[in-house]
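Inside the fold
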Amino acid sequence: MNIVTRELNGNRKSLIIWSVGVLFLIASGMGKYASMEGAGETINELMNEMPESLQAIMGTSGFDLSSALGYYGMLYLYLTVMTSIHAVMLGSGIIAKEERDKTAEFLLVKPVSRSVIITAKMAASLINILLLNAVAFLTSISFLQQYARGEEVFESVTQLMMGMFLLQVIFLVIGTAAAAVHQKAKKAGELSTGILLLAFVISVAINLNEKLEILKYATPFKYFEAGPIINGDGLDLTYLAISTILIILLIAVTYLFYEKKDMNI
Amino acid sequence: MNMFLHELRVYRKSTLVWSISLMFLVVLFLLLFPSFSRDAEEFMQVLEGFPEELKRAVGLSIETLATLLGFFSYAFLYIKLGGAIQAMNLGISIVSKETREKTADFLLTKPVTRSQVFFSKLFAALTSLFLTNIAFFITVLAMSSWVNTESNNEKTLFLICSTLFFLQVIFLALGILTGIIFPGIKSVIAVSLGSVFAFFILGMISSSTEDKGLRYLTPFNYFDNQYIIKNLSYVAPFVWTGMFIVFGAIAAEMPIYQKRDVHAG
């Protein structure tokens, strides 16, 4: 419990900064929506005929930008990227920092086992992630309800935020696993951000070419896309299963490797 | 000169990794171009069935986007994202690593002035970025002459590609400023990734809503590729803003770095 409190304190400042960032993103994005004039019906119809690669380049990616929820769908992509960065940095940092700041000896001579340490750190990160998600959820709901003239937004936003939460957890455990596996603590952050950037680039490339569709299993950014959720299709079960397996696997990797890890001080 | 060479040597591996990643991005995106231009052609035929004025409005923008230059401009956005992360990371790390790795007393007891230290580091960082850009531009030239069926427009390509270097210099200056003001930064990649993505998202919002004032806030939008393709020149006010940021940052950094208290050990 002490470790959890300690970690929560240690990450408080960065959580506040990230929350302000998320708040600012949603507020400025939705604020822009208010000042935009909606596109006509024919344009939307035309957009549906357009190949996905063209839509990607035209910058609309199939969202109906005239509705508040459609516009929010476009923002959602950036929101997930932002919270994933937070998660991956948090995950790799919370494990790697003991070696980086040369406090590993201090922590490990305490009468707690390594698995207790990992569990405490995981719990603290999960709380951080949940709080950031809650900030995003509340801000989104309050802004959307202001702009969505009569549209039903609550259910869609809830589902979108659940998808985002899974994404956050996936990247969190990618971070912890990278930090547990990598011998050099300093490189863990770089490795995990490398993975994140690669996943992001792959998701962009998939938008440009339908032949790369098969790669969508390889990048979490494609698991819970705003489009189908807003259309009422809900979260995709296949991807839910893949995410769960991925998360369990990476948690196992974190525990197993951290138990055996040689501390490099 | 020794310091300059030392820094270059230290960052040799990271320069190499970043250059290769950017080259990989160019190759990946430009390989997608042939299938994209086929998509665009098919869509132009679909467009025949739509009303005349709509065809004119949408068709024109597709014609410019479906060329190699248009497609490259789109992909270039993500290359700029990578480049900006590299530059900001380099900037923060090169001025703060003495404090972080506790080598400041070692360096500052050498018979060199602090401004010599500062400029060696600055020029080493610039050289590293410059080398990355050369490798990048050669890849672009080679790939574009390979995938493009029409005649290649080297001058426009060169103008667009040089904006990568300008953008990197802006982010380098911002990074150095950050590193000098907060020498105690523990995880460099967390700070650089967070701030670069914040600017990037701001840029996406600003370009999807075409907001004039917001554009000054994010260096990502200082250079408009469509404008460059049309006019073969940059937009003057933004070039001035960029230069102002770079020189302003350096002018602010010098006195801070010279007066700063450095804690040894």
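Residues numbered from 1 in each chain as written. Chains lettered and ligands numbered in written order. Predicted model: local features only at pLDDT ≥ 70, side-chain atom pairs only at ≥ 80, totals over all residues. Heavy atoms only, no water.

**Notes on the overall build of chain B**
Cut-off, in case you're wondering: The secondary structure listing takes helices from DSSP runs of H or I that are at least 4 residues long and strands from runs of E that are at least 2 residues long, numbered from the N terminus. Only protein chains enter the accessibility calculation, which uses a 1.4 Å probe; a residue is then buried when its area is under 20% of its type maximum, exposed when over 50%, and partly exposed in between. The contact rule is simple, with two residues in contact once any of their heavy atoms fall within 4.5 Å. Counted charges follow a simple rule, with Lys and Arg positive, Asp and Glu negative, and His plus the chain ends left uncounted. Here the site of a charge means NZ on Lys, CZ on Arg, CG on Asp, or CD on Glu.
Within chain B, the regular secondary structure consists of 12 helices and zero strands. For chain B, the succession of helices and strands along the chain, N to C, is α-α-α-α-α-α-α-α-α-α-α-α. Counting only C-alpha atoms, chain B reaches 75 × 40 × 30 Å along its principal axes. When burial is assessed residue by residue, chain B has 53% of its 265 residues classed as buried. Sequence-distant contacts, at least 24 apart, represent 80% of the contacts inside chain B between residues at least 6 apart. The positive charge centre, built from 20 side chains, and the negative charge centre, built from 18, are 15 Å apart in chain B.

**Notes on the pattern of salt bridges**
Spelled out, the test is: The salt bridge criterion pairs a side-chain nitrogen of Lys or Arg with a carboxyl oxygen of Asp or Glu, the two atoms within 4 Å.
Under the criterion given, the structure shown has 11 salt bridges over all chains. Between B:Lys186 and A:Asp101 there is a salt bridge, and its shortest N-O distance comes to 3.8 Å. Of the two residues, B:Lys186 is situated in the loop between helix H8 (154–181) and helix H9 (188–209) and A:Asp101 in the loop between helix H5 (68–100) and helix H6 (104–108); the pairing between them involves two chains. Exposure remark for B:Lys186: the relative accessible area of 48% places this residue in the partly exposed category. Its relative accessible area of 27% is what places A:Asp101 among the partly exposed residues. Note that B:Glu7 is salt-bridged to B:Lys121, the shortest N-O span being 2.9 Å.

**Here's the deal with the UniProt feature "transmembrane region" (unreviewed entry) in chain A**
Residue and element names in this part refer to chain A. Counted only if it meets this: UniProt positions are given in the numbering used here, feature names are shortened, and annotations may be inferred rather than shown by experiment.
Here, UniProt's "transmembrane region" (unreviewed entry) annotation points to residues 15–34, 75–96, 116–141, 161–181, 188–208 and 237–258. The span residues 15–34 is 100% helix and 0% strand, and its two end C-alpha atoms sit 29 Å from each other. Split by type, residues 161–181 is 100% helix and 0% strand. Its first and last C-alpha atoms lie 30 Å apart.

**Some details on the UniProt feature "transmembrane region" (unreviewed entry) in chain B**
Residue and element names in this part refer to chain B. Mapped onto the present numbering, the UniProt feature "transmembrane region" (unreviewed entry) falls on residues 16–37, 57–79, 122–144, 156–181, 188–207 and 227–250. Strand forms 0% of residues 156–181 and helix 100%; the C-alpha atoms that close the span are 38 Å apart. Secondary structure across residues 188–207 comprises 100% helix and 0% strand; the distance between its end C-alpha atoms is 29 Å.

**Notes on the environment of A:Leu131**
Note that A:Leu131 resides in helix H7 (residues 114–147). In the structure, A:Leu131 is positioned 115 residues away from A:Ile16 in sequence and 9.8 Å away in space, judged by C-alpha atoms.

**Considerations on the packing of aromatic side chains**
Given two aromatic rings, one states the distance between the centres and the angle between the planes to describe the pair. This is how the line gets drawn: The pairing test for Phe, Tyr and Trp rings, Trp by its six-membered ring, is centres within 6.5 Å, and the orientation test on the planes gives stacked under 30 degrees, edge-to-face over 60, and tilted for anything in between.
In this structure the tally under the stated criterion is 29 aromatic pairs over all chains. Note on A:Tyr223 and A:Phe224: the rings are 6.3 Å apart at their centroids and 90 degrees apart in plane angle, and the pair reads as edge-to-face. Assigned by exposure class, A:Tyr223 and A:Phe224 land together as buried. Seen in terms of ring centroids, B:Phe200 and B:Phe220 are 5.5 Å apart; in terms of plane orientation they differ by 80 degrees. Their pairing is edge-to-face. Taken together, the positions of B:Phe200 in helix H9 and B:Phe220 in the loop between helix H10 (212–215) and helix H11 (225–231) put the pair 20 residues apart, joining distant regions of the chain. Summarising the burial analysis for this pair, B:Phe200 and B:Phe220 share the class buried.

**Notes on empty space enclosed by the protein**
All names here are of chain B. Spelled out, the test is: Using a grid of 1 Å spacing that covers the protein atoms alone, one calls a set of points a cavity when a 1.4 Å probe fits there but cannot get out, and a pocket when the set is open and has protein on both sides within 12 Å along at least five of seven lines; lining residues are those with an atom within 4 Å of a point. Grid points are joined across faces, edges and corners, and a volume is the space filled by probe spheres set on the points. When residue character is reported, Ala, Val, Leu, Ile, Met, Phe, Trp, Tyr, Cys and Pro are called nonpolar, Asp, Glu, Lys and Arg charged, and the others, Gly included, polar.
Taken as a whole and judged by the stated rule, the model has one cavity of 30 Å³ or more. Taken as a whole, the largest cavity encloses approximately 70 Å³ of empty space. Along the walls of the largest cavity sit Val95, Glu98, Thr99, Ala104, Leu107, Leu108, Arg114, Tyr257, Arg260 and Val262, which together make up its complete lining. Taken together, the elements giving at least two residues each to the lining of the largest cavity come down to helix H5 (68–100) and helix H6 (104–108). Of the residues that constitute the lining of the largest cavity, the class distribution is six nonpolar, one polar and three charged.

**Topic: the interface of chain B and chain A**
Interface extent is often summarised as the accessible area lost during association of the parts. Put simply, the rule reads: Accessible surface is computed with a 1.4 Å probe, and the buried area is the amount of it that two parts give up when combined, taken over both parts together. Each polar contact in these results corresponds to two N or O atoms within 3.5 Å; when the atoms are within protein, one needs to be able to donate a hydrogen and the other to accept it, and residues that are neighboring in sequence are counted only if both atoms are side-chain atoms.
Contacts between the two partners involve 40 residues from chain B, matched on the other side by 42 residues from chain A. Around 3,600 Å² of area is buried between chain B and chain A when both sides are counted, 82% of it from carbon and sulfur atoms. Considering only the side of chain B, the residues that lose the most area to chain A are B:Phe43, B:Tyr74 and B:Ile201, jointly responsible for 15% of the buried surface there. Along the contact surface separating chain B from chain A lie one salt bridge. Our enumeration of links across chain B and chain A arrives at one residue pair in polar contact (both at pLDDT 80 or more). At the level of secondary structure, the elements contributing two or more residues to the side of chain B that touches chain A comprise helix H2 (12–31), helix H3 (33–47), helix H4 (52–65), H5 and H9 of chain B.

**Examining the nonpolar core**
Rules: Residues belong to one nonpolar core when they are buried, are Ala, Val, Leu, Ile, Met, Phe, Trp, Tyr or Cys, and are joined through side-chain atoms within 4.5 Å.
Counting 157 residues, the largest nonpolar core has A:Met30 and B:Phe136 as the members making the most contacts within it. Each residue touching B:Phe136, except ones within four places of it in the same chain, is listed here: B:Leu22, B:Met23, B:Val26, B:Phe72, B:Phe76, B:Ile79, B:Cys161 and B:Leu164.

**Here we look at the packing of helix H8 (residues 154–181) of chain A against helix H11 (residues 237–260) of chain A**
All names here are of chain A. Selection criterion: In this description, a line fitted to the C-alpha atoms serves as the axis of each element, helices being fitted only across the stretch in contact, and the angle between N-to-C directions of two axes falls anywhere from 0 to 180 degrees. In what follows, roughly perpendicular refers to angles from 65 to 115 degrees, roughly parallel to angles under 35, roughly antiparallel to angles over 145, and oblique to any angle outside these ranges. For any pair of crossing helices, the crossing counts as left-handed if the nearer helix is rotated counterclockwise from the farther one by less than a right angle, and right-handed if it is rotated clockwise.
Close contact between H8 and H11 brings their axes to 8 Å; oriented N to C, the two are set at 25 degrees. Considering the angle they form, H8 stands roughly parallel to H11. Of the two possible hands of crossing, H8 and H11 adopt the one that is left-handed. When H8 is examined against H11, the residues Leu166, Val169, Ile170, Val173, Ile174, Thr176, Ala177, Ala180 and Val181 are found in contact with a partner set consisting of Leu240, Ser243, Leu246, Ile247, Leu250, Ile251, Val253, Thr254, Phe257 and Tyr258. When the residues that make up the contact of H8 with H11 are grouped by side-chain class, the tally is 16 nonpolar, three polar and no charged.

**Quick notes on the side chain of A:Ser156**
If you trace the backbone, A:Ser156 turns up in helix H8. For A:Ser156, the residues in contact, after removing those within four places along its chain, are A:Leu69, A:Ile229 and A:Ile230.

**As for the environment of A:Ile127**
Residues and elements named next belong to chain A. Inspection of the secondary structure puts Ile127 in helix H7. On the accessibility criterion, Ile127 (34% relative accessible area) is partly exposed. When the C-alpha atoms of Ile127 and Leu8 are compared, they prove to be 8.2 Å apart, with 119 residues separating the residues in sequence.

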